[in-house]
Every structure is written in C-alpha cells, then in structure tokens.
Amino acid sequence: MAPPLPAKEATLFKAIVKHYELKSYKKGLRAADQVLKKFPEHGETIAIKGLLLNCMEKKEEAYDLVRKGIKLDIKSQVCWHVYGLLYRSDREYAQAIKCYRGALRHEPENVKILRDLSMLQIQLRLLPGFLETRQKLLTMKPTNRMHWFTFAISQQLMKQYTQAVEIGR
C-alpha cells in the first residue's frame, strides 16, 4: 500500500476527483500532473489521470496509465474502481464487474463501488449477485429508503414474492 499523500497533494487529489465529476478534464489533468511532479509513483493519481484521458478519447493511453497505477498500488480500491469505470465506459461489463470485485476486496463497505456493481449486475441479469449486493447495501444503510426499494425489487426479480411484499409493509 502506498503511503498517504501530504496535505497539499491530498487536497489536489480531491480536486482531481472533483474535476472529473464536473467534467473539467483538462483542469483535472493539470492537477494530476502537479501531484505526479512530486510523487511520480503515486498509483491512485496515475489511475485517475488515465480515467481523465479516457474521457478525452485517449483510450489506449488511459488503459496503460490505469494498469500502471494498479501495478504501483495493487491494494488500492481507487485504482480498481477506476479500472472498472474504464471497462464500463467501453461496455465490457463482465470485466468491469471483476474490477469492482477487486476494489471491494480492499474496501468491502464502499457504497459507491457496491452501487456501481449492483447496476452492472442488474444490467447483465446476474440476479443472485444483484440480490446479494442490494442486501449488503441495505444492511450498511438501513435508513436509506432507496436501499429498501431496490432490495424489494431484487427479491421480486428472484421470484421471492412474499419476501418482496413483506419489505413493502
């Protein structure tokens, strides 16, 4: 596991993620380059830079960077999640699921990864896995009504109608 970034670079790393979410990919790349100037072997930053490049239609370079990021920090859930996002953007859903599972090995209670995983599971009609993932989300956050709703849907899809109806009561 890579050592954590100092405060200034950690703030920059959060800014990179924010730029990705806001679709400011060029700004994100500049921030990533600033972090990589001081810490050229920081796997998570390299992976996020790959994700930004993927959004800028530089797929080959993106995959190379994300793979490099994983090699540098194989136990990082961020790197594995980014790798899954890359595969998902290319509609290689089975590979994306494998990557999300890799991310969950290192951080099993990450809500974002579990939610992304469940979306792919339902899209591929992997219903037992979908049920399991939604149940895990529900047990982690039982006050969230959406988790109850989607768990009931997963029960119904698995033809467990009485359990699905009981959840709704």
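Residues numbered from 1 in each chain as written. Predicted model: local features only at pLDDT ≥ 70, side-chain atom pairs only at ≥ 80, totals over all residues. Heavy atoms only, no water.

Novice: Hey, could you go over a nonpolar patch on the surface for me, with residue numbers and the actual values?
Specialist: Together, Met146, Phe149, Ile153 and Leu157 give the surface a local cluster of nonpolar side chains, amounting to about 360 Å² of exposed area. Considering the arrangement of structural elements, one finds Met146 in helix α9 (residues 145-157). (Patch = residues over 30% accessible without salt bridge, like charges linked within 9 Å, V, L, I, M, F, W, Y side chains within 5 Å. Areas by Shrake-Rupley, 256 points an atom, 1.4 Å probe, with all protein chains shown as cover. Salt bridge = Lys/Arg side-chain N within 4 Å of Asp/Glu carboxyl O. Helix = DSSP H or I, 4+ residues; strand = E, 2+ residues; numbered from the N terminus.)

Novice: Tell me what's going on with the layout of surface pockets, and back it up with residues and numbers.
Specialist: Looking at the largest pocket, its volume works out to about 710 Å³. Looking at the largest pocket, it is lined by 31 residues, and the ones nearest its centre are Val17, Ile48, Gln77, Val78 and His81. Of all elements in the fold, only α1 (7-21), α3 (43-55), α5 (77-89) and α7 (111-123) reach the threshold of two or more residues within the lining of the largest pocket. Estimated volume of the second largest pocket: approximately 240 Å³. As for the second largest pocket, its lining consists of Tyr20, Glu21, Lys23, Tyr25, Leu51, Asn54, Cys55, Glu57, Lys59, Leu85, Arg88 and Ser89. Looking at the lining of the second largest pocket, the elements with two or more residues in it are α1, α3 and α5. (1 Å grid on protein atoms, 1.4 Å probe; cavity = no way out; pocket = protein on both sides within 12 Å on 5 of 7 lines; lining within 4 Å. Points joined across faces, edges and corners; volume = space filled by probe spheres on them.)

Novice: Describe a positive patch on the surface, naming the residues involved and giving the relevant values.
Specialist: Positive charge collects at one region of the surface, where Lys26, Lys27, Arg30 and Lys58 lie side by side. Tracing the backbone shows Lys27 in helix α2 (residues 25-38). (Lys, Arg positive; Asp, Glu negative; His and termini not counted. Charge placed at Lys NZ, Arg CZ, Asp CG, Glu CD.)

Novice: Can you explain the environment of Gly69? Please cite residues and give values.
Specialist: Residue position: Gly69 is located in helix α4 (residues 59-72). We classify Gly69 as buried; its relative accessible area is 0%. C-alpha separation for the pair Gly69 and Trp80, spaced 11 residues apart in sequence, amounts to 9.1 Å. Filtering out sequence-adjacent residues up to four positions away, Gly69 remains in contact with Gly43, Ile46, Ala47 and Cys79. (Buried < 20%, exposed > 50% of the residue type's maximum accessible area, 1.4 Å probe, protein only. Contact = heavy atoms within 4.5 Å.)

Novice: Hey, could you go over the pattern of salt bridges for me, with residue numbers and the actual values?
Specialist: Inspection of the entire model under this criterion finds 7 salt bridges. Linking Lys38 and Glu9 is a salt bridge whose minimum nitrogen-to-oxygen distance equals 3.3 Å. Separated by 29 residues along the polypeptide, Lys38 in helix α2 and Glu9 in helix α1 bring together distant segments of the chain. Among the residues examined, Lys38 registers a relative accessible area of 52% and is labelled exposed.

Novice: Mind laying out α9, listing which residues take part and the relevant values?
Specialist: End to end, α9 covers 19 Å across 13 residues, agreeing with the expected 18 Å (1.5 Å per residue, within 8%). Along α9, the residues that are buried comprise His147, Thr150, Phe151, Ala152, Ser154 and Gln155. With a side-chain oxygen positioned 2.9 Å from the backbone nitrogen of Met146, the residue opening α9 is Asn144. Count one or two residues on from α9 and you reach Lys159, which has phi positive near 65°. (Expected span 1.5 Å × (residues − 1). Polar contact = N/O pair within 3.5 Å; in protein donor to acceptor, adjacent residues only side chain to side chain.)

Novice: Give a description of the side chain of His42 that names residues and reports values.
Specialist: In this structure, His42 sits in the loop between α2 and α3. For His42, a relative accessible area of 8% translates into the label buried. In contact with His42, not counting residues within four places along its chain, are Leu5, Phe13 and Leu36.

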